Amino acid sequence: LLSRRPGETFDVIKSKGLVPQLLLHISTYSALELLLKVVSEVEEAASLQEADFGWLYDIDLVSVLLGKLDKSLDSEVQANASVALVGFVSQSPMQWEGSAIASMPSRFVNDLMKAES
């Protein structure tokens, strides 16, 4: 549905608060997969300036996922949070100096880089 009817699907995701629910269940691999798919589709749509995804950026996914790396949490939660963070970076177009097709890194990658500082 995300690929075929992104506008309608994102409206439902937003109105139902699906992303925070996915974050609560990040220990489940299917929740991780869906989160990565949502982020991938948002990044693609945002790069084409098709819609405003401020609602998703307001959730502060990077900070939430970094918080799930806490050693007191279950190892599955930590592992899937790590996979999600790596997924954010690997889905982002890389910026090559001198390239005619260079693009800006995603907002999620920028948030991750800020968190490292």
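Residues numbered from 1 in each chain as written. Predicted model: local features only at pLDDT ≥ 70, side-chain atom pairs only at ≥ 80, totals over all residues. Heavy atoms only, no water.

Let's talk about the overall build of the chain
The following threshold applies: Helix and strand labels come from DSSP, where a helix needs a run of H or I of at least four residues and a strand needs a run of E of at least two; each type is numbered from the N terminus. Relative accessibility under 20% of the residue-type maximum defines a buried residue, over 50% an exposed one, and the middle range a partly exposed one, all with a 1.4 Å probe and only protein chains included. Only the protein chains shown count as cover for residues, and all accessible areas are computed by the Shrake-Rupley method using a 1.4 Å probe.
Helices and strands together make up the secondary structure of the chain, namely seven helices and zero strands. Helices and strands appear in the chain in the N-to-C order α-α-α-α-α-α-α. Counting over 117 residues, the chain shows a buried share of 34%. Summed over its atoms, the accessible surface of the chain is roughly 7500 Å², and 54% of this surface lies on carbon and sulfur atoms.

What to know about the nonpolar core
We count it as follows: The criterion is simple. A nonpolar core is a set of buried Ala, Val, Leu, Ile, Met, Phe, Trp, Tyr and Cys residues joined through side-chain atoms within 4.5 Å.
Among the nonpolar cores identified, the biggest contains 26 residues, and V19, L35, L61, L65 and F88 are the most heavily contacted of them. Going through the elements one at a time, α1 (6–15), α2 (18–24), α3 (29–47), α4 (54–57), α5 (61–67) and α6 (75–91) are the ones with two or more residues in this core. Among the elements that line this core, the one with the most residues is α3, at eight residues.

A short note on the confidence of the model for the chain
In plain terms, the rule: Per-residue confidence from the predictor is reported as pLDDT, which spans 0 to 100. Note on contacts: a residue pair is in contact if any heavy atoms of the two residues lie within 4.5 Å.
Counting all residues, the mean pLDDT for the chain is 78, and 70% of those residues have values of 70 or more. The secondary-structure element of the chain with the lowest mean pLDDT is helix α7 (residues 107–116), recorded at 67, while α2 shows the highest, at 94. Low pLDDT, under 50, characterises residues 92–104; the predicted model gives this stretch 11 contacts beyond four residues in sequence or across chains.

Considerations on α1
Operational definition: To obtain the arc, one takes the directions from the helix axis to the C-beta atoms.
For α1, the complete set of buried residues consists of T9, F10 and I13. Along the axis of α1, the buried residues cluster in a sector spanning 100°; they form a single face. Exposed residues on α1 whose side chains face more than 90 degrees from its buried face are D11 and S15. In the stretch just after α1, G17 is the one whose phi turns positive, near 65°.

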